[in-house]
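Observations on the three-dimensional arrangement
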Amino acid sequence: MPILLNPQMMRQIIMDHYDHPNNKREPKHNNYLSINMNSENCIDDITVFLDVKDDIVIDCCFTGVACTISTASTDIMCDLVVNKSLKDAKYIIEQFENMIHELPYDESVLDEAIVFMNTSKQAARIKCATIGWTALDNMVCNCEKCQKK
């Protein structure tokens, strides 16, 4: 999404993913990896589910209750990693984390996640924006370790 986003467009993308999340649903079967994450500072209490086959993310979804930022960020994250290799998913996660913490990042892999580029200016929202990404990162790292065995 290399177009120039103004604050109103960014808010609209976030609200669209909050009001109509594509990936907020129960997993399709019970073989998914999952991690529950919650926040001591916000309503966020989500479980992220990951289905991986042959080093490829087959599906990523989440359930639970979360604020606008957390829901939208996690929904966008799920969209970004489906059909990606674990290596590519890890790279996307790293780029998002770099963006959130104002480090150099590769914008080309973030697509709509770029709407969270100003999150660092609202320190209380960093955990909201990253909670789903942290869960996914933990699962991807565990998958990679399993793949190496």
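Summary of the structure given here. (Residues numbered from 1 in each chain as written. Predicted model: local features only at pLDDT ≥ 70, side-chain atom pairs only at ≥ 80, totals over all residues. Heavy atoms only, no water.)

**Re the environment of Val52**
Relative to the elements of secondary structure, Val52 occurs in strand β2 (residues 45–53). Remark: the alpha-carbon pair of Val52 and Asn138, spanning 86 residues in sequence, is separated by 14 Å. Apart from the residues lying within four places of it in its own chain, the contact partners of Val52 are Ile58, Leu86 and Cys143. (Helix = DSSP H or I, 4+ residues; strand = E, 2+ residues; numbered from the N terminus. Contact = heavy atoms within 4.5 Å.)

**Quick word on helix α2 (residues 68–81)**
Two residues of an α-helix separated by three or four positions point the same way, owing to the 3.6 residues in each turn. Taking 1.5 Å per residue as the helical rise, α2 with its 14 residues ought to reach 20 Å, and the 20 Å between its terminal C-alpha atoms agrees with that figure. Summarising burial for α2: twelve of the 14 residues are buried, a large majority. When we look at burial in α2, the residues that qualify are Ile69, Ser70, Thr71, Ala72, Ser73, Thr74, Asp75, Ile76, Met77, Cys78, Leu80 and Val81. (Expected span 1.5 Å × (residues − 1). Buried < 20%, exposed > 50% of the residue type's maximum accessible area, 1.4 Å probe, protein only.)

**Here's the deal with the pairing of strand β1 (residues 33–38)**
Here β1 pairs with β2 via six bridges, running antiparallel. When the sheet's bridge partners are listed, Asn38 is paired in β2 with Asp45. As consecutive antiparallel partners, β1 and β2 are separated by six residues. (Pairing = 2+ DSSP bridges.)

**What to know about the sheet that holds β2**
Reading across from one edge, β1-β2-β3 is the order of the three strands in this open sheet, with antiparallel pairing throughout. Strands at the two margins of the open sheet, each flanked by one partner only, are β1 and β3 (56–65). For this sheet, the mean inter-axis angle between neighbouring strands, taken without regard to orientation, is 15°. (Axes fitted to C-alpha atoms, helices over the stretch in contact; angles between N-to-C directions.)

**What to know about the nonpolar core**
Soluble globular proteins tend to pack their nonpolar side chains together in the buried interior. Val48, Cys60, Phe96, Val115, Phe116, Trp133 and Leu136 are the most contacted members of the largest nonpolar core, which totals 43 residues. Listing elements by their share of this core, those giving two or more residues are α1 (7–19), β1, β2, β3, α2, α3 (86–100) and α4 (123–148). When residues in this core are grouped by element, the largest group, ten residues, is from α4. Each residue touching Val48, except ones within four places of it in the same chain, is listed here: Leu33, Ser34, Ile35, Cys60, Cys61, Phe62, Thr74, Met77, Gly132, Ala135 and Met139. (Core = buried A, V, L, I, M, F, W, Y, C linked by side-chain atoms within 4.5 Å.)

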